[in-house]
Amino acid sequence: MKFIGFFLLFITFAFSEEFITESEYAKMLYKNPRGIGCDKCHGSKGDGALIVKYKAFNKKTNKYEERSLMAPRINNLEFDKFKSAVTDSKGIMPSYFLTQNEILNLFEYITSFNKDKKDEK
Ligand code: HEC
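Remember, predicted model here, so these are calculated numbers, not experimental data.

Visitor: Quick question: what am I supposed to make of the pairing of strand β1 (residues 49-58) here?
Guide: For a regular strand, side chains alternate in direction, first toward one face of the sheet and then toward the other. Pairing analysis gives nine bridges linking β1 to strand β2 (residues 63-71), with the strands arranged antiparallel. Within β2, the position partnered with Y54 by the bridge is R67. Counted along the chain from β1 to the antiparallel partner β2, the turn is four residues long, and its residue N62 has a positive phi close to 60°.

What follows is the structure, encoded as structure tokens:
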């Protein structure tokens, strides 16, 4: 009996997976893109965010200085720039192994948060 219960649960999940919309899928990818989630660094809407604050020693002034590491805003880029940033690693930004479609989905999802573009629609 228990087994049937699990089986039904499995079937339910297997089918419900098919009914998610493109934007739900993109949201899922943004948070869990087969690697560390984009939202952890770029913020949930791609507006950019502070990753960490740290102190670094400046030899010239002989003092410790506050520095911060930021992830840039990514909801206002051209697609080509977006795509190459996701596929080629640069600096802190990891590279991801996503399909063309997944990158396009992500791009559409994240640019939907671009406040500057709202007026055009
Ligand atoms: C560990 C933190 C981190 C994660 C996770 C991360 N990024 Fe980044 N990303 C950065 C940093 C830092 C930069 C700036 C790189 C540089 O210029 O040195 C960057 C740059 C970018 C750029 C280029 C921005 C520009 O103006 O050129 C895009 C696009 C981007 N990230 C998208 C994504 C997407 C999409 C994901 C998830 C699939 C993601 N990032 C995950 C930290 C991160």
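Next comes the rest of the account.
Visitor: How do you make sense of the site of the ligand when you look at a structure like this?
Guide: Surveying the vicinity of the ligand reveals 19 residues, the closest of which are C38, C41, H42, K90 and M93. In the environment of the ligand, an oxygen atom lies 3.2 Å from a nitrogen or oxygen atom belonging to the side chain of K90. The cavity where the ligand resides is the largest pocket. Residues that form the shell around the ligand fall into these classes: 15 nonpolar, two polar and two charged.

Visitor: Looking at this structure, how should I read helix α4 (residues 79-87)?
Guide: Helical periodicity: at 3.6 residues per turn, an α-helix aligns residues three or four positions apart in one direction. Where α4 is concerned, the buried positions are F79, F82 and V86. For α4, the angular spread of buried residues about the axis comes to 65°, placing them on one side. Pointing more than 90 degrees away from the buried face of α4 are the exposed residues D80 and K81. Considering only its buried residues, α4 is in contact with α5 (100-111).

Visitor: Even after reading the chapter, I still don't get the coordination of the iron atom of the ligand, so can you show me in this structure?
Guide: Around a metal, the idealised angle for a tetrahedral arrangement of four donor atoms is 109.5 degrees; for an octahedral arrangement of six donor atoms it is 90 or 180 degrees. Surrounding the iron atom of the ligand are the protein donor atoms H42 (NE2) and M93 (SD), which sit 2.0 Å from the metal. Because the angles between the six donor atoms bound to the iron atom of the ligand fall within 89 to 179°, the donor set is best described as octahedral. Of this pair, H42 sits in helix α3 (residues 38-42) while M93 sits in the loop between α4 and α5, and the two are 51 residues apart along the sequence. Of the residues examined, M93 reaches a relative accessible area of 23% and is grouped as partly exposed.

Criteria and thresholds
- Residues numbered from 1 in each chain as written.
- Predicted model: local features only at pLDDT ≥ 70, side-chain atom pairs only at ≥ 80, totals over all residues.
- Heavy atoms only, no water.
- Pairing = 2+ DSSP bridges.
- Helix = DSSP H or I, 4+ residues; strand = E, 2+ residues; numbered from the N terminus.
- Near = heavy atom within 4 Å.
- Polar contact = N/O pair within 3.5 Å; in protein donor to acceptor, adjacent residues only side chain to side chain.
- 1 Å grid on protein atoms, 1.4 Å probe; cavity = no way out; pocket = protein on both sides within 12 Å on 5 of 7 lines; lining within 4 Å.
- Sits in = over half its atoms within 2 Å of the grid points.
- Nonpolar A, V, L, I, M, F, W, Y, C, P; charged D, E, K, R; others polar.
- Buried < 20%, exposed > 50% of the residue type's maximum accessible area, 1.4 Å probe, protein only.
- Arc of directions from axis to C-beta.
- Contact = heavy atoms within 4.5 Å.
- Donors = N, O, S within 2.8 Å, 3.2 Å for Na, K, Ca; no water.
- Tetrahedral: all angles 85-135°; square planar, octahedral: opposite > 155°, others 65-115°.

The values are spatial; any link to function lies outside them.
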